[in-house]
Amino acid sequence: MKGYHIMSGAVVPAGLLSALRHVLSPPDGAGASVAALWRPWPLPVAGGSVAALSLPALDALLGDIVPASLHPGIPVRCVRSRQLSFLAGRLCAEQALAALPLTAAVLGRDASGRPLWPAGVTGSITHSPTLAAAVAAWSPQPDGLGVDCEPLAAGERLDDIVSACCTAADRACLPSRAAGTMATLIFSAKEAGYKALSHRFGRIVDFTEFEVCQLARDAGQLWLAPVPGSEWHRRIQPFAVQFTFDADSVYTLADLRGVS
């Protein structure tokens with residue numbers, strides 16, 4: 001495959017940011033356009049890096065270019081929005097790796113399609129309808145970081161989150177007002193926490209296997225713990241997830257590097 005390297009079963013693109021700049025024309029104006037994609041991310045990573053970009057801005061920048069043409073891991077039959085999310089996540093990962101700094105580093109994928117970070121690095125990717133982001137940091141372990149961004153839930157989506165993702169203890173945290181904000185936070189915190197612990201689980205974990213055990217809203221932290229009686233009880237200690245909100249979304253970060 002031209003423009004890609006295959007190593008140890010992993011397909012590694014030879015620089016998605018470079019590929020994006022290459023397909024855009026005129027080349028002299030592409031750099032400024034790509035630079036305009038990036039957005040701030042509100043939760044810093046100690047000793048690591050974060051990159052986030054606007055999906056609508058990426059869509060507009062690509063114009064008639066098919067996102068799948070820039071990465072072999074994007075199925076051409078996927079709708080454009082899914083192609084954009086995949087591409088945006090990989091672009092963010094590459095930008096985050098470059099900021100470590102890790103010169104010319106790119107993100108691979110394993111046989112199942114999961115992100116494959118360079119040796120000595122751990123990271124995480126998230127997408128919302130309007131934003132993609134990636135975090136990366138040096139770590140001897142393959143996991144430890146989890147990041148998530150979710151639009152605040154309402155209506156049917158809120159009902160789905162409460163019924164499928166919230167235990168009785170989680171529901172006790174939901175106020176009579178602004179329940180959508182807290183339910184979205186709980187869902188997002190579990191997403192971030194599960195990503196940070198993914199290699200330790202070895203399987204897909206249900207959203208009701210962990211629950212909120214402590215909440216410090218003013219400090220922007222909540223703690224998740226295995227539900228009593230689960231297989232993770234006494235094996236995984238309660239852990240903190242950082243969070244913050246804006247008018248439309250919740251942002252969460254689980255940094256469990258070094259946590260046993």
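In this text, all values refer to a predicted model and were calculated from it rather than measured experimentally. (Residues numbered from 1 in each chain as written. Predicted model: local features only at pLDDT ≥ 70, side-chain atom pairs only at ≥ 80, totals over all residues. Heavy atoms only, no water.)

Attention now goes to unusual backbone geometry. Residue L100 is joined to P101 through a cis peptide bond whose omega torsion reads 5°. Among the secondary structure elements, P101 is positioned in the loop between helix 4 (80-98) and strand 5 (108-109). The backbone of A178 shows a phi angle near 60°, a positive value even though the residue is not glycine. Assignment of secondary structure puts A178 in the loop between helix 6 (168-171) and helix 7 (179-196). Phi at R234 is positive, roughly 75°, even though this residue is not glycine. Locating R234 in the fold gives a position in the loop between strand 11 (221-226) and strand 12 (239-245). R234 gets classed as exposed once you look at its relative accessible area, which sits at 73%. (Helix = DSSP H or I, 4+ residues; strand = E, 2+ residues; numbered from the N terminus. Buried < 20%, exposed > 50% of the residue type's maximum accessible area, 1.4 Å probe, protein only.)

This paragraph deals with the sheet that holds strand 11. Two strands in a sheet stick together by hydrogen bonds in their backbones, pointing the same way (parallel) or opposite ways (antiparallel). Taken together, the five strands give an open sheet; going across it, the order is 9-13-12-11-10, and neighbouring strands pair in antiparallel fashion. Two strands close off the open sheet at either side, each with one partner strand: strand 9 (145-151) and strand 10 (210-216). With strand direction ignored, the average angle separating the axes of adjacent strands in the sheet is 25°. Inspection of the sheet shows strand 10 paired to strand 11 by six bridges, in the antiparallel sense. Across the sheet, L215 pairs through a bridge with L222, a residue of strand 11. In the packing of helix 7 onto the sheet, the strands contacted are strand 9, strand 10, strand 11, strand 12 and strand 13 (249-255), and the crossing angle to strand 9 comes to about 155°. (Pairing = 2+ DSSP bridges. Axes fitted to C-alpha atoms, helices over the stretch in contact; angles between N-to-C directions. Contact = heavy atoms within 4.5 Å.)

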